[in-house]
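So the chains spell out like this:
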Amino acid sequence: MAEVLGQVFNIQRFSTDDGPGIRTTVFMKGCPLRCIWCANPESQAAKPQLVRRQSACIGCGRCYSVCPIGAIDAQLALNRDRCNACEECVSACPSGALSFYGDTRSVDEVFETVLQDVGYYANSGGGLTVSGGEPMQQPDFVEALLQRACGAGIHTALDTCGYCDTAFFERVLPLTGLFLFDLKLIDPEKHREYTGVDNAIILKNAAWLAKNGAAMRIRIPLIPGINDSSENLSSTARFIVGLGRRLHVDLLPYHNYGENKYKMLDMPYPLSGIARSDEQHNTRCREIFESFGLECEIH
Amino acid sequence: MDGITKMQENHIDYDAVNSVNCLTDRVKMLIKARVESTEHICSERSRLATESWKETEGENLDIRRAKLFRRVMEGNPIVIREGELIVGSQTQYILGASPSVDYNPAIALENIKIEDKTSGDSSVHNVILTEEDRQSLTEDCKYWSGRSVGDAVLRESRERFPWLKDWEESGLVNAQKAGNPPGAKNVDYGKAIRVGLEGIIAEAKAEREKLEYAEHPAEDYRKDNFLKAVIIALEGAIIYARRYSKLAKEMAEKERNPIRKAELEKISEVCWNVPAKPARNFHEAVQSFWFIHLCTNLESAFLAEAPSRIDQYLYPMYKKDVIVERNLSRQDAAELLACVFVKLNEMTAVKPSYDKKNIPGTQLQATTICGVDRDGRDASNELSYMMLEVLAQVNMPQPPIYVRYHAKINREVWMKALEINVRRGDGNPAFMNDSSRIQSFLDHGIPLEDARDWAAIGCAGSIIPGRATHGGSLGINYINLAKIFEYVLNDGKDPRTGKQIGIHTGDPLTFTSIDQFIEAFKKQFDYLISIMAKMARITTYIDVSNYHTPFLSALQSDCIKKGMDARAGGVRYPQFLYHIADRGLQNVADSLAAIKKLVFDDKKLTMKQVLEAVSANFEGYEVIRHMLRSAPKYGNDDDYVDRIFDDLSLWLSRRIDSELNPFGGRLWAGRSGAVAHVTFGRVTGALPDGHKSGEPLADGFLSPQQGMDTHGPTAAFNSASKVMHMENSNAALMNMKFERKLFNNKTNLAKLSAMIENYFQRGGFHIQINILDRETLEKAQERPWEYTNLMVRVAGYSAFFVDLPRNVQNEIMSRTNEVI
């Protein structure tokens, strides 16, 4: 059988907020959604993207001279459309300023890294989390990776936006110890406006997983002025209650840590200047879910 | 049944301990007085010691040392300050010390000059020295110059090892103008508390009776003198305590406040009884501990006297008063502990400038809690738990507490230790691992029961307390591995001084593989260590043969039985008296990995380019420096470099272990703390790992280079625990920093616990977790007066941040937070 390869943009060890215990989070590249608050803009495109850390660049010009197809000009500006990800410039860069968001990796390679922290998982009740992007964009790779983890007795979690063919969930359900299922907006119009896609599939998949006994927690990013109205949160709570399971809700307040990555990718930051919500407001949001009898935690 | 036994044995009332408030008005007043005090250099002890020594000329060494000690006990100023419950002060000042001129007048002379402001190092903190004290000390120094042990060692070194000066100038070893008096001592505090000094005098007398002068008259004579000396010294300590008893009584008579009057009467009674007799209650046990600790310092003042397993030897009286008889409330017990914690912060020493720079602002009084008992059971008790709470409430740098972890440790005590660590944020308490420590001691022939009784000493080192002690640190014991790597790059020549210090190992331009570099490094070390070890044997032997400590020896097994001073080898495990500390291996391994990667594997650079860049300190070679810095670095769980680090670490410790120490047994590799990485960094030139001339080396023994561990803490822990780095070592120090918000709740604290426990299961030994943010430190640098209480741990100990020299402050700030 051919080796299964995946596009991975980061493997983060000692993750403490993506499921229980100490975890290693594997971030898969490519996402069908375009949430305007996205904190990982590098996760969106399926292909690798060349970036330069300006702070590390020493302006030596080697990248320009080695690029065989002129994707870097004399002013060292990057032309990503032209770039064919040959990585000549990255290996020529003496300061490590150039790198690619995204890397083609085999399951073996990724799993080797996952195995490095196996003792920390055992001691903390942690494990592997597959996140993204949307992991279900690369179901074969994710299924194979989860399979390996299960085989080694490592707890698994899958962080998903829920936008995929239900058949993919069917494949990973027996391999997934915990689904971290994102719900952003209940109103389909608004969902389309802010994420670029309709939410019908997402809500259907949430219901399917809940019905089929998946262990799951609902994750909601709290974006000021976009989805943190009591109206949206109440509808979300009602939807969750309607799933027939008392699912735990995690609220993830908005942060702008991703802003710099937009800059590096030459992408405009849609939420520029937006203030982070205060604790009081977050508490009020939590109370809405609690009023529906749901356990809720702010991260 | 088990539960009932457990209750009776080590019952802990967690809620009751958590609700104590040891910051009573009294304790607050004592803390304030200490924080606002200025350090003094005093002359009394020196004067008394000098007088006594003049009078006893011609007598036996042990007797002379005992009489000297007794004279200090009879004459050292005594003072009982407002509100004190635990009494006993080094000098008349809250913070003051008298230099051990009898050991080495050079330290006093150096300090006299510094305080004179005519010379000396302005980066070192000034202390007050009155004109009267200066004159007195100058007189004493005149007498001792040429007579002291320090002089004897120096004479010998100069004669036999004239090249030592070159070594020091090169930066290969720690350069000390003057040797320090024996530090990192400890005694059997428990025995003093249990049987009293009179009991030990009786023991010494009984031993004397056994001396028949028949078969081994010469040996019996030596023993006889030693035992006489022990008796004189112990009597001296009793006299000292009873002077306090009388002073308290006099003060009580004059006292109008009835509450304080009663306290003074109590103090008088306590000091009459202890340490002469066995402690009858908790208050007496604590006072007895303090007197013994203080007397050990007054016999031979320096630093790093280790209270050792305090939660064990104070527990019997705690249990009797608090748990069984219930005549002492937990609140009052906590207040007594707080009083003695403040006292530990009043301890100081007159240090040579080398130590002021390297181990500033602290006394390194390593205090150990938890661990297993001699039978292997969990030794955690309510006092361990209370110590942690008191440590958090008093919130001063001393004592540095080391929590001995093992699989059976009481979980609530363990989690409390983690919670306090995060609450204080300064790496105190730190954590040590029973299983790797005990295993390594067993491998070195220490019997199981004694191995289980180990305790921390100095900067995260370890020892068998009451049965072993450190000797002096005369001569040299730190060796700069990064410097040796410079020799490798220059065929044995030191680029700093231009002198050929190492041996010829060949022109590195001709090397065709990384193994040749490694072989050259081993050859250089092999050559240097055999010289260093021999020199250390000679100088240490001169030292311990001429400077005895009868008081300390009286409280160390098996000195009385052997009739031999502790330093001369009377202790049960004399192999701890001297060790050699190898430092900077992280830089060496990272340099080797960089050469391997860029020159041999990827062939992106030639060795010539690397050497040119290094000899130019990377000026004009920034691109090459960037390339070298991007090569694999230790601390990222990358076998490419970790393998080099691990193989060399084991080779070095085994090579050191193959040398004999002069007391029987083999040499230890000293892999504990202190900040030699700053001093060594200052004299180390540019290296192929990207290190620039003068920058600090990586700290401790196992901490990754500053800012180079980019794969998170689990990767750094894994790098540090692929092999057992403390196999032939006193320690294996590892420091990590985290943002506070990572561990801001109980769930996250459990993750911290899991991380440490996994490191320990992998064979790690020591971990110190600092919780700090750069912003706070920057503010503290700008406005030090607003941050007088800000503490940090620097490689194995706590100090007030504002007390640290600027370069050490900067170094702390440059370490990355583990998770950003």
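Residues numbered from 1 in each chain as written. Chains lettered and ligands numbered in written order. Predicted model: local features only at pLDDT ≥ 70, side-chain atom pairs only at ≥ 80, totals over all residues. Heavy atoms only, no water.

Engineer: What is the right way to look at the interface of chain B and chain A in this model?
Structural biologist: Frequently, the measure chosen for interface size is the accessible area that the parts lose on association. The interface of chain B with chain A comprises 25 residues on the first partner and 19 residues on the second. Between chain B and chain A the total buried area reaches about 1,700 Å² when both faces are included, carbon and sulfur atoms providing 56% of it. For the pair chain B and chain A, the number of links is one salt bridge. Asp-637 of chain B is the salt-bridge partner of Arg-13 of chain A, the closest N and O atoms lying 2.6 Å from each other. Taken together, chain B and chain A are joined by twelve residue pairs in polar contact (both at pLDDT 80 or more). Looking at the side of chain B that touches chain A, the elements that each hand over two or more residues are α29 (622-630), α32 (712-719) and α33 (746-761) of chain B. Ranked by residues supplied to the side of chain B that touches chain A, first place goes to α33 of chain B with six residues. (Contact = heavy atoms within 4.5 Å. Buried area = accessible area lost by both parts, 1.4 Å probe. Salt bridge = Lys/Arg side-chain N within 4 Å of Asp/Glu carboxyl O. Polar contact = N/O pair within 3.5 Å; in protein donor to acceptor, adjacent residues only side chain to side chain. Helix = DSSP H or I, 4+ residues; strand = E, 2+ residues; numbered from the N terminus.)

Engineer: What am I meant to see in the sheet that holds strand β3 (residues 367-370) of chain B here?
Structural biologist: Sheet strands pair by backbone hydrogen bonding; their relative direction is either parallel or antiparallel. All names here are of chain B. Here we have five strands laid out as an open sheet, ordered β3-β4-β5-β12-β11, and mixed in their pairing. The open sheet has two edge strands with one neighbour each: β3 and β11 (735-738). In this sheet, neighbouring strand axes are inclined to one another by 30° on average, regardless of whether the strands run parallel or antiparallel. Where β11 meets strand β12 (residues 766-771), four bridges bridge the pair, whose relative direction is parallel. Along β12, the bridge assignment pairs Met-736 with Ile-769. (Pairing = 2+ DSSP bridges. Axes fitted to C-alpha atoms, helices over the stretch in contact; angles between N-to-C directions.)

Engineer: Would you mind showing me how to read the packing of aromatic side chains here?
Structural biologist: For any two aromatic rings, the description comes down to two numbers: the centre-to-centre distance and the angle of the planes. Residues and elements named next belong to chain B. Per the counting criterion, the structure on display carries 33 aromatic pairs over all chains. On the numbers, 5.0 Å between centres and 55° between planes, the contact of Tyr-189 with Phe-289 is tilted. Taken together, the positions of Tyr-189 in helix α10 (residues 189-209) and Phe-289 in helix α13 (residues 282-299) put the pair 100 residues apart, joining distant regions of the chain. Both residues of the pair, Tyr-189 and Phe-289, belong to the buried class. Where Tyr-634 meets Phe-645, the ring centres are 4.1 Å apart and the plane angle is 20°; that geometry is what we call stacked. With a gap of eleven residues between them, Tyr-634 in the loop between α29 and α30 (639-657) and Phe-645 in helix α30 connect regions that are remote in the sequence. Comparing Tyr-634 with Phe-645 shows no difference in burial state: the two are buried. Following the ring pairs from residue to residue traces out a cluster consisting of Tyr-405, Trp-414, Phe-431, Phe-717, Tyr-759 and Phe-760. Geometry around Tyr-143 places Lys-54 over its ring, the cationic atom sitting 5.2 Å from the centre. Here the guanidinium or amino end of Lys-416 rests over the ring plane of Tyr-385, the centre of that ring lying 4.9 Å away. (Phe/Tyr/Trp six-rings, centres within 6.5 Å; stacked < 30°, edge-to-face > 60°. Buried < 20%, exposed > 50% of the residue type's maximum accessible area, 1.4 Å probe, protein only. Lys NZ or Arg CZ within 6 Å of the ring centre and 35° of its normal.)

Engineer: Please clarify how the sheet that holds strand β10 (residues 668-669) of chain B should be interpreted in this entry.
Structural biologist: Residues and elements named next belong to chain B. Spatially, β8-β9-β10 is the arrangement adopted by the three strands of the open sheet, whose pairing is parallel. The sheet is open, and its two edges are formed by β8 (478-480) and β10, each paired on a single side. Bridge analysis of strand β9 (residues 579-583) against β10 gives two bridges, and the strand direction is parallel. Within β10, the residue paired with Ile-580 across the bridge is Ala-669.

Engineer: Hey, could you run me through the state of the cysteines in this one?
Structural biologist: As used here, a disulfide is simply a covalent bond connecting the sulfur atoms of two cysteines. Using the criterion set out here, one finds zero disulfides over all chains in the structure. Cys-86 of chain A supplies the cysteine sulfur nearest to Cys-67 of chain A, a cysteine that is in no disulfide, at a spacing of 6.0 Å. (Disulfide = S-S within 2.5 Å.)

Engineer: How should the packing of helix α9 (residues 230-242) of chain A against helix α11 (residues 279-291) of chain A be read in this particular structure?
Structural biologist: When two helices pack together, their arrangement is given by the angle between the helix axes and the distance between those axes. All names here are of chain A. Put simply, α9 and α11 touch, their axes get as near as 9 Å, and they point 35° apart. Relative to α11, the crossing made by α9 is right-handed. Residue-level inspection shows Ser-230, Leu-233, Ser-234, Thr-236, Ala-237 and Ile-240 of α9 in contact with α11, the latter providing Cys-285, Ile-288 and Phe-289. Here the residues of the contact of α9 with α11 sort into six nonpolar, three polar and no charged. (Left-handed = near helix turned anticlockwise from the far one by under 90°. Nonpolar A, V, L, I, M, F, W, Y, C, P; charged D, E, K, R; others polar.)

Engineer: In this structure, what is going on with the nonpolar core? I would like to understand it.
Structural biologist: Burial of nonpolar side chains together is a common tendency in soluble globular proteins. Ranked by size, the top nonpolar core spans 255 residues in total, and within it Phe-282 and Leu-314 of chain B carry the most contacts. Among the elements that take part in this core, helix α11 (residues 217-254) of chain B stands out by supplying 16 residues, more than any other. Those residues in contact with Phe-282 of chain B that sit more than four places away from it in its chain are Leu-314, Met-317, Tyr-318, Asp-321, Leu-328, Ala-333, Leu-336, Leu-337 and Leu-383 of chain B. One finds Ile-220, Leu-222, Ala-237 and Leu-243 of chain A within the second-largest nonpolar core, a separate group that totals 51 residues. (Core = buried A, V, L, I, M, F, W, Y, C linked by side-chain atoms within 4.5 Å.)

Engineer: Is there a simple way to explain the side chain of Ser-37 of chain B in this structure?
Structural biologist: Residues and elements named next belong to chain B. Counting through the fold element by element, Ser-37 comes out in the loop between α3 (25-35) and β1 (40-41). In this structure the side chain of Ser-37 is engaged in a polar contact, spanning 2.6 Å, whose partner is the backbone oxygen of Arg-34. Residues within four places of Ser-37 in sequence aside, it is in contact with Ile-94 and Leu-95.

Engineer: I would appreciate a short explanation of the pattern of salt bridges in the present structure.
Structural biologist: Where charged atoms of side chains with opposite charge meet at close range, the side chains can pair. All names here are of chain B. If you walk through the whole model with that rule in mind, you get 82 salt bridges over all chains. Two residues, Arg-47 and Glu-51, come together in a salt bridge whose shortest N-O distance is 3.1 Å. Of this pair, Arg-47 and Glu-51 both sit in helix α4 (residues 44-55), four residues apart, which is roughly one turn of the helix. Residue classification places Glu-51 among the partly exposed positions, given a relative accessible area of 32%. Lys-416 is the salt-bridge partner of Glu-389, the closest N and O atoms lying 2.5 Å from each other. Residue Glu-389 is located in helix α18 (residues 382-394), and its partner Lys-416 is located in helix α19 (residues 411-424); the two are separated by 27 residues in the primary sequence. Residue Glu-389 is classed as buried on the basis of its relative accessible area of 5%. Salt bridges linked by common partners bring Arg-309, Arg-374, Glu-449, Asp-450, Asp-453, Arg-467, Asp-558 and Arg-572 together as one network.

Engineer: Whenever I open this one, the pairing of strand β1 (residues 5-15) of chain A confuses me. Can you help?
Structural biologist: Residue and element names in this part refer to chain A. Within β1, eight of the eleven residues are buried, leaving the element largely enclosed by the surrounding structure. Here four bridges tie β1 to strand β5 (residues 103-106), and the two strands are oriented antiparallel to one another. By the bridge assignment for β5, Val-8 is matched with Asp-103. Here β1 runs beside strand β2 (residues 23-28); their pairing, made up of five bridges, is antiparallel. Across the sheet, Asn-10 pairs through a bridge with Phe-27, a residue of β2.

Engineer: I tried to follow helix α8 (residues 200-211) of chain A on my own but got confused; where do I start?
Structural biologist: Side chains three or four residues apart in an α-helix point the same way, a direct result of the helix having 3.6 residues per turn. Residue and element names in this part refer to chain A. Helix length check: α8 (twelve residues) gives 16 Å between terminal C-alpha atoms against 16 Å at 1.5 Å per residue, within 8%. Listed in full, the buried residues belonging to α8 are Ile-202, Leu-203, Asn-205, Ala-206, Leu-209 and Ala-210. Down the axis of α8, the buried side of the element spans an arc of 160°, and every buried residue falls inside it. Among the exposed residues of α8, those pointing more than 90 degrees away from its buried face are Lys-204 and Lys-211. Buried residues in α8 make contact with α6 (166-172), β8 (178-182), α7 (188-195), β9 (216-222) and α9. (Expected span 1.5 Å × (residues − 1). Arc of directions from axis to C-beta.)

Engineer: Can you help me understand unusual backbone geometry in this one?
Structural biologist: With the exception of glycine, the majority of residues adopt a negative phi angle, and the majority of peptide bonds are in the trans configuration. Residues and elements named next belong to chain B. In this chain, Gln-398 is followed by Pro-399 through a cis amide linkage whose omega measures -10°. In this fold, Pro-399 is placed in the loop between α18 and β4 (401-405). Along the chain, Asn-428 connects to Pro-429 via a cis peptide bond; the corresponding omega equals 5°. You can see Pro-429 is positioned in the loop between α19 and β5 (430-433).

Engineer: Is there a simple way to think about the environment of Leu-391 of chain B in this case?
Structural biologist: All names here are of chain B. On the secondary structure map, Leu-391 appears in helix α18. Owing to a relative accessible area of 1%, Leu-391 belongs among the buried residues under this scheme. Between the alpha carbons of Leu-391 and Lys-343 there is a distance of 13 Å; along the sequence they are 48 residues apart. Discounting chain neighbours no more than four positions away, the residues touching Leu-391 are Phe-341, Pro-399, Ile-401, Ile-420, Arg-424, Asn-428 and Pro-429.

Engineer: Just to check I follow, could you spell out the side chain of Ser-557 of chain B for this structure?
Structural biologist: Tracing the chain through its elements places Ser-557 of chain B in the loop between α24 (550-554) and α25 (559-562). Those residues in contact with Ser-557 of chain B that lie beyond four places of it in its chain are Gly-466, Arg-467, Gly-570, Val-571 and Arg-572 of chain B.

Engineer: Would you mind showing me how to read the domain arrangement of chain A here?
Structural biologist: Residues and elements named next belong to chain A. Here chain A is described as being made up of domain 1 (5-45 + 103-298) and domain 2 (49-101). Spacing between the C-alpha centres of domain 1 and domain 2 amounts to 32 Å. The interface is formed by nine residues belonging to domain 1 together with seven residues belonging to domain 2. Broken down residue by residue, the surface that domain 1 buries against domain 2 is led by Lys-29, Met-264 and Leu-265, which jointly contribute 58%. Note that Asp-266 is salt-bridged to Arg-80, the shortest N-O span being 3.0 Å. In this assembly, domain 1 and domain 2 are joined by four residue pairs in polar contact (both at pLDDT 80 or more). (Domains from an automatic or database assignment.)

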